[in-house]
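The chain contents come next:
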Amino acid sequence: MGKFFKESISKMFSLKEEIPRSTDLVIVGGGLVGSAVAFFVAHKQTNREREIMVIERDPMYTTASSSLSAGGIRHQFSVTENVQMSMFTTKFLRNIKFFLGLIDQPPPDVQFNHQGYLFLATPEKAEKLEELVKMQKYLGAEVEMFSAEMLKQRFPWLNIDGIEAGSLGLNGEGWFDPHSLLAALKQRNIGLGVRYIDAESRDTDGDMFETNCHQVVNCAGPWAGQIGELAGMGTETGALSIPLPVVPRKRFIYAYHCHNGPGISTPLTVDITGTYFRREGLGGMYICGASPESEEEEPSIENLDVDYEFFNEKIWPRLAHRIPAFENIKLKSAWAGYYDYNVWDQNLIIGPHPVITNFLLANGMSGHGLQQSICVGNAISEMILNADTYTVDLSRFNFDRIIRREKILEDFIV
Ligand SMILES: Cc1cc2nc3c(=O)[nH]c(=O)nc-3n(C[C@H](O)[C@H](O)[C@H](O)COP(=O)(O)OP(=O)(O)OC[C@H]3O[C@@H](n4cnc5c(N)ncnc54)[C@H](O)[C@@H]3O)c2cc1C
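Residues numbered from 1 in each chain as written. Predicted model: local features only at pLDDT ≥ 70, side-chain atom pairs only at ≥ 80, totals over all residues. Heavy atoms only, no water.

- Per an unreviewed UniProt entry, the recorded name for the protein is FAD-dependent oxidoreductase domain-containing protein 1, and the organism is Magallana gigas.

As structure tokens, then:
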């Protein structure tokens, strides 16, 4: 047994409620990842033998990335585990009634749109894309390669200038409403005895409550690095000198109307520039976004203000080039959220910290955490409940790779 986490991590600040003095499992952060962890532990244990407490400082989820995301789910990744994690989530969403349904209530409706993802490729990148599609199909994903001409036939709204080919998800990919999923998970969790506490985990003196517990799971999304520091990461020597490399990075989503835009069967389309768009509802609305092209262009994270110039100068011209109907659009609204950005390799970090062994990490999924949250929740539950086998082997994604200075790089970053 390694070092126990610093007492500061179990200190919490709350104006509203008394916090239990002891519990078994504390989950810091009640977004999709934290709620999925709580669900799988609570759902699998037979006699409610573990008390589970979720600490959430923003119960309306006004700044949580789970509720500010684009809702996308795809099986098209270059890292095999990333494919498997999203496939796990698709299966869960398809069986949501079994997992999250409540007696005498209609099944949760997370509005899963199965229109798929379309990744476009230049002549230089087409061969690599084809190789990856083979790997995804081998893992069971229903993805197909299309030549530019075939794409034009299928999607007449697409300008295939500079495009050699594209890969299209035919089943199980698309987008869903993350807020509805979070609400359904939370409701089910409360029914299973999970306590959501309106409080903040932080390290200051004053009117603090302290809770003793056996294990803590860091599910603080973009703020996971701060919780890592509370636990001692990056503050001492040896393995504890290495901080958790997860920081908030601001990303924008713009919603616009186009009266003659692509129709109902339009996939979430990712252009060769990295700019993406998808349909939003049925009334000619779409949403779009893109990541900045370099570190220098990263927007300030001070607040969640929207950069409209980014839309005008970068996003709109690229969209209008690829989909000429988008020359004529009306921007209706926009918002910003934080990616839970892993500055080391932009991939999941999961499992017990190698020194603070009762402090578990479920962090750093960067732009793909929504679709991985359900699988990550299940994987953490398997660790906590000492499962004999793991549904998806995520051992490569533990913190040791950061200590060893190894990276897992994903080609399909959006
Ligand atoms: C604009 C945008 C678009 C995205 N699009 C997609 C997409 O299409 N597909 C996809 O898969 N992913 C997408 N993502 C990424 C995805 O949203 C995140 O990876 C995922 O939601 C992370 O979930 P989480 O539960 O870890 O974090 P969050 O949802 O942020 O939850 C963390 C919670 O922890 C709480 N918290 C933090 N610190 C403390 C503390 N000290 N004490 C108490 N509570 C605390 C916060 O209040 C928050 O509610 C997108 C993200 C953004 C910003």
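There is more to say, and it comes next.
Description of the pairing of strand S15 (residues 276-279)
Reasoning step 1: Residues Tyr-276 and Arg-278 line one face of S15 and the alternating positions Phe-277 and Arg-279 line the opposite face, and both faces are buried.
Reasoning step 2: One ladder, built from two bridges, connects strand S14 (residues 268-270) with S15; its direction is antiparallel. Following the sheet pairing, Val-270 is matched in S15 by Tyr-276.
Reasoning step 3: Hairpin connection between S14 and S15: a loop of five residues separates the two successive antiparallel strands, and Gly-274 in this loop has a positive phi of roughly 90°.
Reasoning step 4: Note that S15 and strand S16 (residues 285-289) share four bridges and pair antiparallel. Bridged to Phe-277 within S16 is Cys-288.
Reasoning step 5: Remark: five residues form the turn of the hairpin made by S15 and S16, two consecutive strands paired antiparallel; Gly-281 in that turn has positive phi of roughly 75°. (Buried < 20%, exposed > 50% of the residue type's maximum accessible area, 1.4 Å probe, protein only. Helix = DSSP H or I, 4+ residues; strand = E, 2+ residues; numbered from the N terminus. Pairing = 2+ DSSP bridges.)

Thoughts on unusual backbone geometry
Glycine aside, negative phi is the norm for most residues, and most peptide bonds take the trans geometry.
Reasoning step 1: A positive phi angle, near 65°, is found at Asp-104, a position not held by glycine.
Reasoning step 2: Judged by its relative accessible area of 79%, Asp-104 falls in the exposed class.
Reasoning step 3: Not every positive phi belongs to a glycine, and Gln-111 is a case in point at roughly 50°.

Some remarks on the state of the cysteines
Reasoning step 1: One pass over the full model with this rule turns up zero disulfides.
Reasoning step 2: Between Cys-258, a free cysteine, and Cys-288, which holds the nearest cysteine sulfur, the sulfur-to-sulfur gap is 12 Å.
Reasoning step 3: Owing to a relative accessible area of 1%, Cys-258 belongs among the buried residues under this scheme.
Reasoning step 4: No disulfide involves Cys-375; its nearest neighbouring cysteine sulfur is the one of Cys-219, lying 14 Å away. (Disulfide = S-S within 2.5 Å.)

Here we look at helix H10 (residues 369-384)
Reasoning step 1: The sharpest bend along H10 comes to roughly 30°, located at Cys-375.
Reasoning step 2: One or two residues past the end of H10 sits Asn-386, with phi positive at roughly 50°. (Bend = angle between axes of the 7 residues up to and from the residue.)

Re the sheet that holds strand S3 (residues 52-56)
Reasoning step 1: Sheet architecture is open: six strands sit in the order S9-S3-S2-S12-S19-S18, paired in mixed fashion. Two strands bound the open sheet, and with one partner strand each, they are strand S9 (195-198) and strand S18 (349-352). Averaged over all pairs of adjacent strands, the angle between their axes in this sheet comes to 20°, without regard to strand direction.
Reasoning step 2: Of the strand pairs in this sheet, strand S2 (residues 25-28) and S3 are connected by four bridges, and their pairing is parallel. Bridge assignment links Val-28 to a residue of S3, and that residue is Ile-55.
Reasoning step 3: Here helix H8 (residues 224-231) sits on the sheet in contact with S2, strand S12 (215-218) and strand S19 (359-363), set at roughly 165° to S19. (Axes fitted to C-alpha atoms, helices over the stretch in contact; angles between N-to-C directions. Contact = heavy atoms within 4.5 Å.)

So, the site of the ligand
Reasoning step 1: What surrounds the ligand is a group of 38 residues, the closest being Glu-56, Ser-66, Gly-72, Asp-340 and Gln-371.
Reasoning step 2: The contact in question runs from an oxygen atom of the ligand to an N or O atom on the backbone of Leu-32, over 3.2 Å.
Reasoning step 3: Backbone polar atom of Val-33 to an oxygen atom of the ligand: 3.0 Å apart, as the coordinates give it.
Reasoning step 4: Starting from 1000 Å² of accessible surface for the ligand in isolation, the protein chains cover 98%.
Reasoning step 5: When contributions to the shell around the ligand are tallied by element, the ones reaching two or more residues are helix H1 (32-44), S3, helix H2 (65-68), strand S10 (200-201), strand S13 (246-257), strand S17 (330-342) and H10.
Reasoning step 6: In this structure, the shell around the ligand is formed jointly by two domains, domain 1 (7-67 + 178-245 + 344-403) and domain 2 (113-172 + 250-340), each of which donates at least three residues. (Near = heavy atom within 4 Å. Polar contact = N/O pair within 3.5 Å; in protein donor to acceptor, adjacent residues only side chain to side chain. Areas by Shrake-Rupley, 256 points an atom, 1.4 Å probe, with all protein chains shown as cover. Domains from an automatic or database assignment.)

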